[in-house]
Amino acid sequence: MDRRNFLDLLAKGASLGLLLKLSPLGMLEFVRAQSSITPFQKALLVDKAGNPLKLSSLKPHEPYVFAYPFAATPNILVNVDTELAPVDVKMPDGKNYRWTGGVGKSKSIVAYTSICPHAYSYASPNLGAMGYYKPEGNRGPRMVCCAHLSAFDVAKGGEVKGGPAPHALAAVALEYDAARDEAYAVGFLGNPQFDAFFRAQNQALRDLFRTTARAREEVAKATVIPYTEHTKAPTTCPVLG
Ligand code: FES
């Protein structure tokens, strides 16, 4: 890697300590992932008291929610209790990317936007259209949007397993600090479709946040809360994939 690329990586939010700890293979994965990330402001994940969230405190298969990069764009964070390796995710427009896999001590923690790429239903505080479904039988962990039953593979970068969604669920790029067991959200892998989401949900977001500016406020620290506290009316539906 030349000096300019190295400095680019630092500018995108990677810590020097993290880079120096990576093996040559790890560095290669890191460079591939960095080139795929759409960066947003870097935000530390914190608990309800405002303290840095310790990733080891996340209960297996219990979904949590944090807003990022905007106040009105919730993501679902979950510990799937098994190591998740990086995979390539195919997109219909050919803009494929490398999903970076799980983070945390066991590389089992992932986060995805809750905004469905089909018609932008999401885990709103009033209705949890998008939710997490733990593995059952031969089926792995899924995110499912109950609006029209799109299912996404949590263990494979959010790839579509069923329903009308046109492409994978965008994943939050998490930078993990192993020494502190803490994580930062630094951007997204894939297409989170925020502009389309804000257009589609304009009135509902005004009802929730009173103004579009408040809904689009950038998150400096991402507060993580249990899904059940975020969403008053969680929905459940069949997992068709
Ligand atoms: S909005 Fe999610 S499946 Fe249609």
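What you are looking at is a predicted structure, and each value in this text was computed from that prediction instead of being measured. (Residues numbered from 1 in each chain as written. Predicted model: local features only at pLDDT ≥ 70, side-chain atom pairs only at ≥ 80, totals over all residues.)

Looking only at helices and strands, the chain features seven helices and 14 strands. Expressed as a percentage of its 241 residues, the buried residues of the chain come to 40%. Here the analysis covers contacts within the chain between residues at least 6 apart in sequence; of these, 62% occur between residues at least 24 apart. (Helix = DSSP H or I, 4+ residues; strand = E, 2+ residues; numbered from the N terminus. Buried ≥ 20, exposed ≤ 12 C-beta atoms within 10 Å, placed from the backbone. Contact = placed C-beta atoms within 7 Å.)

Below, the discussion takes up the environment of methionine 143. Mapped onto the elements of the fold, methionine 143 is located in strand β8 (residues 142-145). For the pair formed by methionine 143 and glutamate 159, sequence separation is 16 residues and the distance between their alpha carbons is 10.0 Å. Ignoring any residue separated from it by four or fewer positions in sequence, one finds methionine 143 in contact with Ile76, Tyr112, Met130, Tyr132, Phe152, Val154 and Leu169.

Next up on the list: the sheet that holds strand β7 (residues 130-133). Taken together, four strands build an open sheet; the order of strands is β7-β8-β9-β10 and the sheet is antiparallel. A single partner strand is all that each edge strand has here, and the edge strands are β7 and β10 (159-162). The average undirected angle you get between the axes of adjacent strands in this sheet is 30°. (Pairing = 2+ DSSP bridges. Axes fitted to C-alpha atoms, helices over the stretch in contact; angles between N-to-C directions.)

Once that is clear, we can look at the pairing of strand β2 (residues 64-67). Side chains Tyr64 and Phe66 project from β2 onto one buried face, and the interleaved Val65 and Ala67 project onto a second face that is buried too. Relative to strand β3 (residues 74-79), β2 runs antiparallel, the two sharing four bridges. The partner of phenylalanine 66 across the bridge, within β3, is asparagine 75. In this antiparallel pair of consecutive strands, β2 and β3, the connection spans six residues. Relative to strand β14 (residues 225-226), β2 runs antiparallel, the two being bridged by two bridges. Bridged to valine 65 within β14 is isoleucine 225.

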